[in-house]
Each structure stands twice: as C-alpha cells, then as structure tokens.
Amino acid sequence: MLNRRHIRIKVMQTIYAMHQKGSDSIEKEEKFLISSLENLMELYLIMMSTLLELANKEAEFIEISRKKHLATPEERNPNLKFVNNILLRLLGDSKSLQVALENNKINNWKTNDDAILLLLQDVKQSSIYLNYMKDKLTSFEKDKQFVIDLFSEVIAPNDKLYSYLEDYKLTWVDDIPVVNTQILKQLKQINEKSEFRVSSLFKDEEDREYATLLFRKTVLNESEFAKEYIDKTPNWDVDRIAEMDTILLKMAICELLKFPSIPVKVTINEFLEIAKEYSTPKSSIFINGILDNLVKNYQSTGRLNKSGRGLME
C-alpha cells in the first residue's frame, strides 16, 4: 500500500515537526513516524468498512420500512439490488477483512451513525446509484463496476466524509488519496471466485526498514549533510532557504550517500516531485541545481557507492 514516495513524505513531515518542536529525542520522533505510517492501515480499514456499512444501513432502513403499519407497496416489496450487490457481499464474507476490522477495533460507523447516514443519503441521490437500481439485469461484472464507480465518484470525493476523516486524524490529510487509490486498485482486481484479502501496509520488510533508516540517518547526520550544500548556494542566502528545502536536501543527500541500492535518478526525481507539492514554487529548481552539482562532485571524487546495474545513471 505504502509506496516509497509516501514514505519519504512521512519522514519529511516528521523531521519538520521535530524541528518545529525543538525536539532532540530521536526515539520519540521515530515512534511518531512509525505511528503515522501504521495509521494508514486504520484509514484503509475505515474506508473499506464504509462500503459494507452503507449496505448494512440501507438493509436496516428497508427492514424498518417494511414493518411500518402503513407501509407502501414499494416499502413492502423494496428493490434489494444494492444490499444484495455481489461484490459488497463478497467483501462482507471476506475473513481477512473481518479479522482486520475486529483486530483494529474499527467501529467508526457504529459510534458515528449520523456520518454514515449522511453519506448514504448522498449515495442514494447520485445518478450512479439511481441508474444502477433501475437496471433489471444483475451480474458480477455489473455489480463490480457499480461499486468501483460509486467509490471513485461519490464516496472518495465526498466532502462530508473527508471532513470527518480530517477531524478524526489530521495526519490523514495526505494519506487519503494513497488509501483510496489502493482500494480502487483492489476493487478492480477482485475476482468473483477469489476471497478478498486485506492489503499489506508495506510492500516488504525492506520498505519498512527504509522508513526508519532514512529518518535516523538523516537526523543523525543533519549538520554533516548541511555542509555538503552550503558552499554550493552562491546565489542564495543560506539563512533564507526555506526550511522544507533544507530538509529535502538533507534527505536526498542521505539517499545518495547512504543508500547504495537506490538509483541516483530515482532519488533526484522523487525529491523534486515532493518539493513541487510541499515547498515553494521555486524550490524544485533550486533543489535540482544543488543535487545536480553534488552528484557530479560525488561521481568525480568517487563518493557515490551505488551497487547494481544502472544505479549510477
């Protein structure tokens, strides 16, 4: 679920917060970083449970309407297409998802009934839902496409849901797109005959270790990394360089010098993209110029210790 760019962003944010607080406790801030990363799983499970709970709430509403003393013919014989959606039932039957929801104590929609009811209202008013309910034909592929469209066009961009998640955990603001992208990817890959399995947080153990190593190696060598670029900024007042830029530079230098398996091009491209999104308009140009000069210097002096074919490119 977590890609390397998002790991870099989380490390960057942790170092920035560490600077702002004036903290010098690496252990404490590392725990914050790990917690911030692991919280993505909670967000992922909440979003997955949203799909299930929408169908559950609609089923409850239908049952209550059926039992009304003066129920209408439509209420006595409701359209059950949404609550019987094949893909939603497959998700509900997934042992992997059931265990994960239980182990992580995901009960947000039980304790925040109003939030899911408001979302259900928006779902039922959407053209995607209305057109789906009118279609008399049912198949796994149609039900699957409906859930994909509903999630991508109604649920994921829903302002009320976004506000709830933002209020619940502020650190999720940058995580929501990552989680929603992963869920959409999984929904598209679901097969009618295979059980849905909860996504892993990290691709592998190497990515998990990368997060803590990048944080520790950057923080422990900040003063040394700063010396690498200070004399290479003749047209920039060092004291006026944006703090976010100095953090990104130190992290990039850390990768160049301390992570032999990461290609030079990957490091430069990744940090330039992060700078475009999180720093000033001119930051990527500034950082690119510094890193380009540093790489040339490291190559000429033999300081780049990259292993593997093509890693020096």
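> Please clarify how the overall build of the chain should be interpreted in this entry.
Along its length, the chain carries 16 helices and zero strands. Over its C-alpha trace the chain gives a radius of gyration of 24 Å, far above what one expects of a compact globule, namely 20 Å for 313 residues. Overall, the chain is about 85 × 40 × 35 Å in size when its C-alpha atoms are taken along their principal axes. Evaluated residue by residue, the chain yields a buried proportion of 48% over its 313 residues. Within the chain, contacts between residues at least 6 apart in sequence are counted, and of these 81% link residues at least 24 apart.

> Where do I start with unusual backbone geometry in this structure?
Residues apart from glycine generally show negative phi values, whereas peptide bonds are mostly found in trans. Phi at Lys 105 is positive, roughly 55 degrees, even though this residue is not glycine. Examined against the element boundaries, Lys 105 turns out to sit in the loop between α5 (95-103) and α6 (108-111). Its relative accessible area of 67% is what places Lys 105 among the exposed residues.

> Any chance you could explain the side chain of Ser 199 here in plain terms?
Along the polypeptide, Ser 199 turns up in the loop between α11 (176-189) and α12 (205-220). In this structure, Ser 199 is in contact with Met 1, Met 41, Tyr 44, Gln 182 and Gln 186, ignoring residues within four places of it in sequence.

> Can you walk me through the layout of surface pockets in this structure?
Empty pockets left among the atoms are what a rolling probe the size of a water molecule brings to light. Here the largest pocket is characterised by a volume of approximately 340 Å³. What lines the largest pocket is a set of 20 residues, and nearest its centre among them are Ser 49, Leu 52, Glu 53, Asn 56 and Gly 92. Examining the composition of the lining of the largest pocket, we find that five residues originate from one element, helix α2 (residues 26-66), more than from any other. Residues that form the lining of the largest pocket fall into these classes: nine nonpolar, seven polar and four charged.

> How do you make sense of the pattern of salt bridges when you look at a structure like this?
Two side chains of opposite charge can pair, provided their charged atoms sit close to one another. Scanning the entire structure with this criterion turns up 24 salt bridges. Among the ionic pairs, Glu 60 bridges to Lys 57, the shortest N-O distance being 3.8 Å. One end of the pair is Glu 60 and the other is Lys 57, both in helix α2 and three residues apart, which spans about a single turn. Overall, Glu 60 belongs to the partly exposed group, its relative accessible area being 40%. The class of Lys 57 is buried, set by a relative accessible area of 11%. With its nearest N and O atoms 3.6 Å apart, the salt bridge here joins Glu 63 to Arg 66.

> Any chance you could explain the confidence of the model for the chain here in plain terms?
As a note on interpretation, predicted positions should not be read in detail where pLDDT is low. Considering every residue of the chain, the mean pLDDT works out to 92; 96% of them sit at 70 or more. Under a pLDDT of 50 for its full length, residues 309-313 has, in the predicted model, eleven contacts with residues more than four places off or in other chains.

> Explain the packing of aromatic side chains here, please?
Given two aromatic rings, one states the distance between the centres and the angle between the planes to describe the pair. Here the structure, examined in full by the defined rule, presents seven aromatic pairs. Ring centres of Trp 109 and Tyr 164 lie 5.0 Å apart, and the angle between their planes is 40 degrees; this geometry places the pair in the tilted category. Here the residue Trp 109 occupies a position in helix α6, and Tyr 164 occupies one in helix α10 (residues 159-168), the gap between them amounting to 55 residues. The burial state of Trp 109 is the same as that of Tyr 164; both residues are buried. One aromatic cluster is present, built from ring pairs that chain together Phe 82, Tyr 129, Tyr 132 and Phe 146. Between Arg 4 and the ring centre of Tyr 210, over which it is positioned, the NZ or CZ distance is 4.1 Å. Sitting above the plane of the Phe 259 ring, Lys 217 keeps its charged end 5.0 Å from the centroid.

> I keep staring at the nonpolar core and nothing clicks. Help me out?
Core analysis: the largest hydrophobic core is formed by 98 residues, its most contacted members being Tyr 44, Leu 91, Ile 155 and Leu 187. Leu 91 has contacts with Met 48, Leu 51, Leu 52, Leu 97, Leu 187, Ile 190 and Phe 196, leaving out every residue within four places of it along the chain.

> I'm lost on the packing of helix α7 (residues 113-125) against helix α9 (residues 140-155) in this one. Help?
Each pair of packed helices gets described by two things: the angle between the helix axes and the distance between those axes. Across the interface, α7 lies against α9 with an axial gap of 11 Å and an inter-helix angle of 110 degrees. The orientation of α7 with respect to α9, classified from their angle, is roughly perpendicular. In this structure, α7 meets α9 at a crossing whose hand is right-handed. Contacts between α7 and α9 involve Leu 119, Asp 122 and Val 123 on the former and, on the latter, Leu 150, Val 154 and Ile 155. For the contact of α7 with α9, the per-class residue count stands at five nonpolar, no polar and one charged.

> Explain the environment of Thr 218 here, please?
Examined against the element boundaries, Thr 218 turns out to sit in helix α12. Classification of Thr 218 by relative accessible area gives buried; the value is 1%. Considered as a pair, Thr 218 and Ile 285 are 67 residues apart in the sequence and their alpha carbons are 22 Å apart. Not counting chain neighbours up to four residues away, the residues in contact with Thr 218 comprise Ile 15, Leu 213, Phe 225, Lys 250, Met 251 and Cys 254. Within the local environment of Thr 218, its side chain forms a polar contact with the backbone oxygen of Leu 214, the two atoms lying 2.7 Å apart.

Reading guide: rules and limits
Residues numbered from 1 in each chain as written. Predicted model: local features only at pLDDT ≥ 70, side-chain atom pairs only at ≥ 80, totals over all residues. Heavy atoms only, no water. Helix = DSSP H or I, 4+ residues; strand = E, 2+ residues; numbered from the N terminus. Rg over C-alpha atoms; globule rule 2.2 N^0.38 Å. Buried < 20%, exposed > 50% of the residue type's maximum accessible area, 1.4 Å probe, protein only. Contact = heavy atoms within 4.5 Å. 1 Å grid on protein atoms, 1.4 Å probe; cavity = no way out; pocket = protein on both sides within 12 Å on 5 of 7 lines; lining within 4 Å. Points joined across faces, edges and corners; volume = space filled by probe spheres on them. Nonpolar A, V, L, I, M, F, W, Y, C, P; charged D, E, K, R; others polar. Salt bridge = Lys/Arg side-chain N within 4 Å of Asp/Glu carboxyl O. pLDDT = per-residue confidence, 0-100. Phe/Tyr/Trp six-rings, centres within 6.5 Å; stacked < 30°, edge-to-face > 60°. Lys NZ or Arg CZ within 6 Å of the ring centre and 35° of its normal. Core = buried A, V, L, I, M, F, W, Y, C linked by side-chain atoms within 4.5 Å. Axes fitted to C-alpha atoms, helices over the stretch in contact; angles between N-to-C directions. Parallel < 35°, antiparallel > 145°, perpendicular 65-115°, else oblique. Left-handed = near helix turned anticlockwise from the far one by under 90°. Polar contact = N/O pair within 3.5 Å; in protein donor to acceptor, adjacent residues only side chain to side chain.

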